[in-house]
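Summary of the model geometry
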Amino acid sequence: MRNDAAAPLPAMPPRPRRPLSTPSLVRIGLRNSLALLDEALFEIPIVERRYVWGRFFSVSDPDGIRRVMQDNVDNYPRIAPIRRVFAFRSGTGMLSAEGEVWRRHRRLLNPTLDHRAVIADLPLIAELSERLCDMLAALREDEPINIGETFTHLVTAASGTVFAGAEREIDPALYRLGQYPGRYRLSDILGLRRRTSFEAVALIDRLIAARRDPVYAGRHDLLWRIAETGLGDDEIRDEVLTLGATAATPLRVFPWLWYLLALHPEAEAKLHAELDRVLDGRVPTAQDLPRLRYTRKVIDETLRLYPPAPTMLRVAAADDAIGGHRVTRGAIVGVFPWVIHRHRTLWEDPDRFDPDRPAPQSRYAYLPFAIGPHVCIGASLALVELTVAVAAIAQRFRFRLAPGRAVEPIAWTNLHPKGGIWMTKTARAASNPSARTTGRDGRGSAP
């Protein structure tokens with residue numbers, strides 16, 4: 001451990017010392033899926049269990065992860081409850097479709113969120129980050145704030161701007177989708193309820209129709225790019241609903257990042273030094289991103305400890321073998337980033353925050369956005385949004401934990417802090433306040 005060795009371990013739920021029974025799995029899992037993960041899963045690369053409903057495998061071995069997530073990926077579709085929850089209208093979105101339908105959608109949608117498209121949106125992301133800084137500046141310094149709720153503005157506005165440019169009417173729909181699917185119920189597991197979001201459908205249809213008009217003069221936002229893919233109307237609705245429900249997921253890392261920096265002042269000081277040296281008070285441009293090396297390390301280490309999607313469950317469609325274990329058809333296979341990122345065979349001192357820690361020996365030991373063909377299509381966008389926003393905000397503010405407020409990570413589909421993370425903010429002196437404004441072309445300009 002290079003930095004802040006005496007700092008407390010970041011928050012995590014207690015780990016059961018022994019495997020839980022089937023009734024306990026259901027009862028506890030509906031409250032917090034992380035509380036199911038017992039000690040053995042963090043020590044043994046592949047764990048096989050038998051339950052009332054069948055066989056289960058937890059796979060943390062890099063070769064096993066590669067087998068499930070890449071080499072034989074078609075044999076391991078998502079479990080039925082997840083596919084039902086994200087089926088939306090026609091079940092063709094990328095979180096519910098499998099096989100050829102999924103491959104066709106992924107091939108058509110990849111260019112809509114590739115690196116070039118994301119970099120084109122960077123000036124708007126920077127502008128939104130500065131707007132959030134101004135909102136933070138207006139808050140009292142001694143008043144505790146729920147840092148996750150405070151960043152909801154950035155999450156929604158950034159997603160809305162990428163989706164629809166200046167058409168802010170999409171923001172309420174994206175906010176609601178960003179809370180989706182929320183807490184699971186037993187009816188989701190048993191297949192007795194199919195969740196479908198209809199509220200945003202009419203708005204999506206109207207916005208897509210406007211972008212298909214030959215005289216549409218708007219910027220080439222994400223909705224325009226999706227409308228140009230050649231997908232059918234039902235397919236477009238499903239993909240926009242799916243992307244809307246998942247766009248905010250990576251940005252949920254924000255509360256955890258400020259929480260970790262508050263616990264580790266040496267890492268915070270190192271981050272501030274880099275931002276002051278590279279940016280000198282302005283928000284970053286595309287050319288700055290490769291120079292913000294420590295900033296990216298802080299983000300990567302936060303994503304390791306608090307991956308936005310901490311559990312991924314698959315079902316074996318046919319018999320297979322993983323790392324010498326025979327996997328029979330119908331077995332549930334868990335690939336858990338929460339476990340893999342804290343596994344004692346893959347990481348040294350894995351429960352501690354250390355942005356300077358060496359990279360793992362295998363790329364299959366780090367998967368905050370999944371890995372293989374099903375890697376998150378919005379990963380590039382998420383990393384740019386995170387880097388720009390962290391750089392802008394950390395230049396102007398420090399955050400400290402409010403006393404008397406427990407921090408508890410819980411998860412169903414996504415990870416979030418139960419009851420929020422409450423902090424107070426303190427202004428930092430800008431190294432060059434006159435350089436803060438960034439023009440729409442991405443180049444810094446004086447106000």
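Up top you'll find the structure we're talking about.
The text that follows walks through the structure, step by step, so that each part is easy to find. Computed from a predicted model, the values in this text were never measured in an experiment. (Residues numbered from 1 in each chain as written. Predicted model: local features only at pLDDT ≥ 70, side-chain atom pairs only at ≥ 80, totals over all residues. Heavy atoms only, no water.)

Focus on the packing of helix H14 (residues 253-263) against helix H15 (residues 265-279)
Here is the rule: All axes here are fitted lines through C-alpha atoms, helices being fitted over the stretch that makes contact, and every angle between N-to-C directions spans 0 to 180 degrees. Numbering of helices and strands runs from the N terminus; a helix is a DSSP stretch of H or I covering at least four residues, while a strand is a stretch of E covering at least two. Any angle that is under 35 degrees is reported as roughly parallel, and any over 145 degrees as roughly antiparallel; angles of 65 to 115 degrees are reported as roughly perpendicular and all others as oblique. Any two residues having at least one pair of non-hydrogen atoms within 4.5 Å are treated as being in contact. Polar here means any residue outside two lists: the nonpolar Ala, Val, Leu, Ile, Met, Phe, Trp, Tyr, Cys and Pro, and the charged Asp, Glu, Lys and Arg; Gly therefore counts as polar.
Running from amino to carboxyl end, H14 crosses H15 at an angle of 110°, the nearest separation of the two axes being 5 Å. As the angle between them shows, H14 and H15 are arranged roughly perpendicular. Where H14 abuts H15, its residues Leu 261, Ala 262 and Leu 263 lie against Pro 265, Ala 267, Glu 268 and Leu 271. Across the contact of H14 with H15, the residue classes tally to six nonpolar, no polar and one charged.

So, empty space enclosed by the protein
Definition in use: Here a cavity means grid points, on a 1 Å grid over the protein atoms only, where a 1.4 Å probe fits yet cannot get out; a pocket means an open set of points with protein on both sides within 12 Å along at least five of seven lines; lining residues are those with an atom within 4 Å of a point. Grid points are joined across faces, edges and corners, and a volume is the space filled by probe spheres set on the points.
Evaluation of the coordinates by the stated rule reveals three cavities of 30 Å³ or more. Counting only elements with at least two residues in the lining of the largest cavity, the list comes to helix H9 (170-178) and helix H11 (201-212). Per element, the largest residue contribution to the lining of the largest cavity is four residues, and it comes from H9. Tallied by class, residues from the lining of the largest cavity come to eight nonpolar, no polar and no charged.

Here's the deal with the packing of aromatic side chains
Short version of the rule: Note on aromatic contacts: the rings of Phe and Tyr and the six-membered ring of Trp form a pair at centre separations within 6.5 Å, being stacked when their planes are under 30 degrees apart, edge-to-face when over 60 apart, and tilted otherwise. Buried residues are those whose accessible area, probed at 1.4 Å on protein chains only, stays under 20% of the maximum for their type, while exposed residues exceed 50% and partly exposed ones sit between those limits. Only when the NZ of Lys or the CZ of Arg is both within 6 Å of the ring centre and within 35 degrees of the ring normal is a charge said to sit over the ring.
Considering all chains together, one arrives at 10 aromatic pairs under this definition. On the basis of an interplanar angle of 20° and a centroid distance of 5.1 Å, the ring pair of Tyr 51 and Trp 53 is categorised as stacked. Its relative accessible area of 15% is what places Tyr 51 among the buried residues. For Trp 53, a relative accessible area of 46% puts it in the partly exposed group. Centre to centre, the rings of Phe 86 and Phe 88 are 6.3 Å apart; their planes meet at 80°, and the pair counts as edge-to-face. Summarising the burial analysis for this pair, Phe 86 and Phe 88 share the class buried. An aromatic cluster is present here, built from Tyr 51, Trp 53, Phe 56 and Phe 336 joined pairwise through their rings. Taking NZ or CZ as reference, Arg 15 lies 3.7 Å from the ring centre of Phe 42, over its face. Here Arg 342 stacks its cationic end above the ring of Tyr 306, 5.6 Å away from the centre of that ring.

Here we look at helix H13 (residues 233-247)
Spacing of three or four residues puts side chains on the same side of an α-helix, whose turn is 3.6 residues. This is how it is decided: The span you would expect from a helix comes to 1.5 Å times its residue count less one.
Taking 1.5 Å per residue, 15 residues should reach 21 Å; H13 reaches 21 Å between its end C-alpha atoms and fits that length. Counting buried residues in H13 gives 11 out of 15 residues, a clear majority hidden from the surface. Glu 235, Ile 236, Arg 237, Asp 238, Glu 239, Val 240, Leu 241, Thr 242, Leu 243, Gly 244 and Ala 245 are the residues of H13 that are buried.

A short note on the sheet that holds strand E2 (residues 54-59)
Stated precisely, the cut-off is as follows: Strands are treated as partners if at least two bridges between them are detected by DSSP.
Spatially, the four strands line up as an open sheet ordered E1-E2-E7-E4, and their pairing is mixed. In this open sheet, the two edge strands, each paired with only one partner strand, are strand E1 (46-51) and strand E4 (312-315). When strand polarity is set aside, the average angle formed by the axes of neighbouring strands in this sheet is 20°. Direction of pairing for E1 relative to E2: antiparallel, over a ladder of six bridges. Within the sheet, the bridge partner assigned to Glu 48 lies in E2 and is Phe 57. Packed on one face of the sheet, helix H2 (residues 62-71) meets E2, E4 and strand E7 (332-335) and runs near 115° to E7.

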